[in-house]
Each structure stands twice: as structure tokens, then as C-alpha cells.
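# Coordinate analysis (summary)
Residues per chain, in single letters:
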Amino acid sequence: MEKLIDSLLEAGDLFREGFHSAKEISHKGTVDLVTEYDVAVENLLKERVSKLFPDYTIVGEESGDEFCRAPKAVYIDPIDGTTNFVHKIPFCAISVGVWEDGRPIVGAVYNPVLNELFYAERGMGAYCNKRRIYVSDTSLLQQSLVATGFPYTKVEMGHDFEWVTETIKNLLPVTQDIRRLGAASIDICYVANGTFDAFYECNLKPWDVAAGILVAEEAGGKVTNHLGEEYRLGDPVVVVSNSRNHDALIDKLAYYRGRKDGETRQERG
Ligand code: IPD
Ligand code: CA
Ligand code: CA
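The subject of this paragraph is the site of ligand 1. The immediate surroundings of ligand 1 are formed by 17 residues, with Asp80, Gly81, Thr82, Tyr152 and Glu201 found nearest. Note that an oxygen atom of ligand 1 is positioned 3.2 Å from one of the backbone N or O atoms of Ile79. Calculation on ligand 1 without its partners gives an accessible area of 380 Å², and the protein chains cover 95% of this total. Among the cavities detected, the one that contains ligand 1 is the largest pocket. Per-element accounting of the shell around ligand 1 gives the leading share, three residues, to strand 4 (residues 72–80). Residue composition of the shell around ligand 1, by class: seven nonpolar, four polar and six charged. Each of domain 1 (2–132) and domain 2 (141–268) accounts for three or more of the residues forming the shell around ligand 1.

Around the calcium ion (ligand 2), the protein supplies Asp77 (OD), Asp80 (OD) and Asp208 (OD) as donor atoms, at distances of 2.1 to 2.3 Å. As a motif over one chain, the donors of the calcium ion (ligand 2) read D-x2-D-x127-D. Between the calcium ion (ligand 2) and the calcium ion (ligand 3), the interatomic distance is 3.7 Å, and Asp77 donates to each metal, bridging them. Taken as a pair, Asp77 in strand 4 and Asp208 in helix 6 (residues 206–218) lie far apart in primary sequence, 131 residues in all. Comparing Asp77 with Asp208, the two get one shared label, buried.

Taken together, five strands build an open sheet; the order of strands is 11-10-12-14-13 and the sheet is mixed. Single-partner strands in this sheet number two, and they are strand 11 (177–179) and strand 13 (222–224). Shown here is a sheet whose adjacent strand axes are inclined to one another by a mean of 20 degrees, direction ignored. Note: strand 13 against strand 14 (residues 237–241), three bridges, orientation antiparallel. From the neighbouring strand, Lys222 faces strand 14, where its bridge partner is Ser241. Along the sheet face, helix 5 (residues 184–192) touches strand 10 (145–148), strand 12 (198–202) and strand 14 and points at about 155 degrees away from the line of strand 12.

Pairing in this open sheet of seven strands is mixed, and the strands run 3-4-5-6-7-8-9 from one edge to the other. Both edges of this open sheet fall to strand 3 (57–60) and strand 9 (131–132), since each of them pairs with a single strand only. In this structure, strand 6 (residues 103–111) lies alongside strand 7 (residues 116–121), joined through six bridges in antiparallel fashion. Looking at strand 7, one finds that Gly107 is bridged to Ala120.

Here we come to the layout of surface pockets. Within this model, the largest pocket holds a volume of roughly 560 Å³. Asp80, Phe150, Tyr152, Glu201 and Asp208 are, among the 31 residues lining the largest pocket, the residues nearest its centre. Elements that contribute at least two residues to the lining of the largest pocket include exactly strand 4, helix 3 (82–86), strand 12 and helix 6. Residue classes in the lining of the largest pocket are distributed as twelve nonpolar, seven polar and twelve charged. Of the residues that make up the lining of the largest pocket, three or more belong to each of domain 1 (2–132) and domain 2 (141–268).

On to the coordination of the calcium ion (ligand 3). Protein-derived ligands of the calcium ion (ligand 3) are Glu61 (OE), Asp77 (OD) and Ile79 (O), with the metal-ligand distances lying across 2.2 to 2.3 Å. Along the chain, the residues donating to the calcium ion (ligand 3) fall in the pattern E-x15-D-x1-I.

Let us look at a nonpolar patch on the surface. Together, Val31, Tyr152 and Val155 make up an exposed nonpolar region whose accessible area comes to about 220 Å². Looking at the secondary structure, you find Tyr152 in the loop between strand 10 and helix 4 (159–171).

What follows covers the pairing of strand 14. With respect to burial, strand 14 is a largely interior element, five of its five residues being buried. Residues Val237, Val239 and Ser241 line one face of strand 14 and the alternating positions Val238 and Val240 line the opposite face, and both faces are buried. Pairing between strand 12 and strand 14: five bridges, direction antiparallel. Looking at the pairing, Tyr200 lines up with Val239 of strand 14.

Mapped onto the secondary structure, Lys23 falls in the loop between helix 1 (2–20) and strand 1 (25–27). Judged by relative accessible area, Lys23 falls into the buried class, the value being 16%. Sequence separation of Lys23 and Leu172 is 149 residues, and the distance between their C-alpha atoms is 36 Å. Apart from the residues lying within four places of it in its own chain, the contact partners of Lys23 are Gly18, Thr35, Glu36, Tyr37, Phe85, Val86 and Lys88. Side-chain polar atoms of Lys23 contact the backbone oxygen of Phe19, separated by 3.2 Å. Within the local environment of Lys23, its side chain forms a polar contact with the backbone oxygen of Ser21, the two atoms lying 2.8 Å apart.

Rules used throughout
- Residues numbered from 1 in each chain as written.
- Chains lettered and ligands numbered in written order.
- Predicted model: local features only at pLDDT ≥ 70, side-chain atom pairs only at ≥ 80, totals over all residues.
- Heavy atoms only, no water.
- Near = heavy atom within 4 Å.
- Polar contact = N/O pair within 3.5 Å; in protein donor to acceptor, adjacent residues only side chain to side chain.
- Areas by Shrake-Rupley, 256 points an atom, 1.4 Å probe, with all protein chains shown as cover.
- 1 Å grid on protein atoms, 1.4 Å probe; cavity = no way out; pocket = protein on both sides within 12 Å on 5 of 7 lines; lining within 4 Å.
- Sits in = over half its atoms within 2 Å of the grid points.
- Helix = DSSP H or I, 4+ residues; strand = E, 2+ residues; numbered from the N terminus.
- Nonpolar A, V, L, I, M, F, W, Y, C, P; charged D, E, K, R; others polar.
- Domains from an automatic or database assignment.
- Donors = N, O, S within 2.8 Å, 3.2 Å for Na, K, Ca; no water.
- Buried < 20%, exposed > 50% of the residue type's maximum accessible area, 1.4 Å probe, protein only.
- Pairing = 2+ DSSP bridges.
- Axes fitted to C-alpha atoms, helices over the stretch in contact; angles between N-to-C directions.
- Contact = heavy atoms within 4.5 Å.
- Points joined across faces, edges and corners; volume = space filled by probe spheres on them.
- Patch = residues over 30% accessible without salt bridge, like charges linked within 9 Å, V, L, I, M, F, W, Y side chains within 5 Å.
- Salt bridge = Lys/Arg side-chain N within 4 Å of Asp/Glu carboxyl O.

So, in C-alpha cells, the structure goes:
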């Protein structure tokens, strides 16, 4: 853990330099941006991480590595929240999550701009800047501040777009409010430290969630897919909560998806 944190702090210097300077911006998709810093931070981290975890498959977002369910894998998002990074909005982070046999064992999310370092090891609790963190204790959805995000596929106005808009329609009146900060790894860590009471998003990639999931679980949170089942990397929706409000949130998310798939929770009893 300590050596992994050293690597993140080193990569964070490069990240911070990029955040404050002019950058070369290219498009991976219509609205999916990438800068030379995404690539440089990933290369640096891959080099360091491959020495720390020699027998692990390393999956980095910018290397075009295919998502795999290798028994031992490290998932790297060099800049989670690239749109924020480009617009100089200080919610962006480096995310590194280590998984073994389908479960996270080590995770770290570092926002070098705000100097917030979240990390966890399985069974050892969750921390932000060396202080133990815990989820909130709000049980009512109506009093829950819920974060979410919008997948890049929204531009196609297909199923993901419909799911996002219908879900917001369902949730907005029955939550305290909804937030969209722009970096899934931070959203999840903000559930872990009690800033948010819950988070959900569809179509996230393993590198977005691999680290945050462990931080949230170790802080007392619950992580499932939209049906309330144990979350597996690659599932269509991730739901992270303080655990007390989880079922109420799942009901709102599962209903729409279920209805669309012709199978509601109510029908299944
Ligand atoms: C994105 C961010 C964003 C989420 C998108 C992700 P990126 O990651 O986490 O909050 O809504 O779905 O793809 O592309 O900035 O690494
Ligand atoms: Ca990401
Ligand atoms: Ca990224």
C-alpha cells in the first residue's frame, strides 16, 4: 500500500502540472476527451505498478487494454474526470484498483488538485489523508444526497440516454437532490466519507470503479448492481450507498430497467 501510494503521489505531480497548464486535447469519441497527460500519467503508473504487482494483468484505460476478468488484475484510470481536467474543474483523480478472484483487495483514488488521497486495503478500513472515514447514516432516500454520472454513450440517444433520463425523473422528486461532479472514482469516495449518501451510474468501466468500490465497502458502504446483486466488474449499473438507503434506491433503479426489459421487481415478487 505504501509503495502504491508513493507511485500515486509521484504521478500526482505530473497530473497537477497538467491541470494548471495548456494541453493538447484530442477526441476518443464525440465528447470523450483525452490529453497528453492522460497518456503520460498512465505510462508512469504502469511502469511503477508492474514492479509492485509483477504477476498481475495491468489494465490501463489509455493503453487500449481490453477489460478482462483475469484472476489477478490492476485497473488504472490515469485521469478520471478528463472533462473536468480540461476545463480546470478540480474534481479529477488518479484511480488504481487491485482485484483478485473477482474482489478488490487494494484501492487508491488520489485527487492531486485538492490533495485528497483515499485508500483502502481489504479488512483494514478506509482512509482519506490518513484519517479513517465512514459512510453517512441517512436511511431515508428523501434525505439522501445522491450523486450520479452520464456515460459518453448519451450522445447516441439510445438505451443509456433513456435510462439516465428516466432514472433522474424517478429519483429527483424522492431524494434530497442529485449531483453530477464529473469523476466516478471521486463520487464513490465521497459516498465513503459521507459527503454523498449514495451514487449510481450506468455503463462505467472497470478502471472507473475498481478502487472506489473497496474504499466505499471498507467505510461501511454497500456496492451492488441495479438489481441489488453483488457488483461484478462489467455489470451495466453500479450502485454505491451508505447501505441504509440502498434498498430504497435500488427499487427506483430496478423498476425502470425492469419495466424496459419487460420484467419488473413487482412481477417477480
Ligand atoms: C468518466 C468520469 C465521469 C463518468 C463517465 C466516465 P473519464 O471517466 O468518471 O464522471 O460519468 O462515465 O467515463 O473518461 O473522465 O476517465
Ligand atoms: Ca474514468
Ligand atoms: Ca480516464
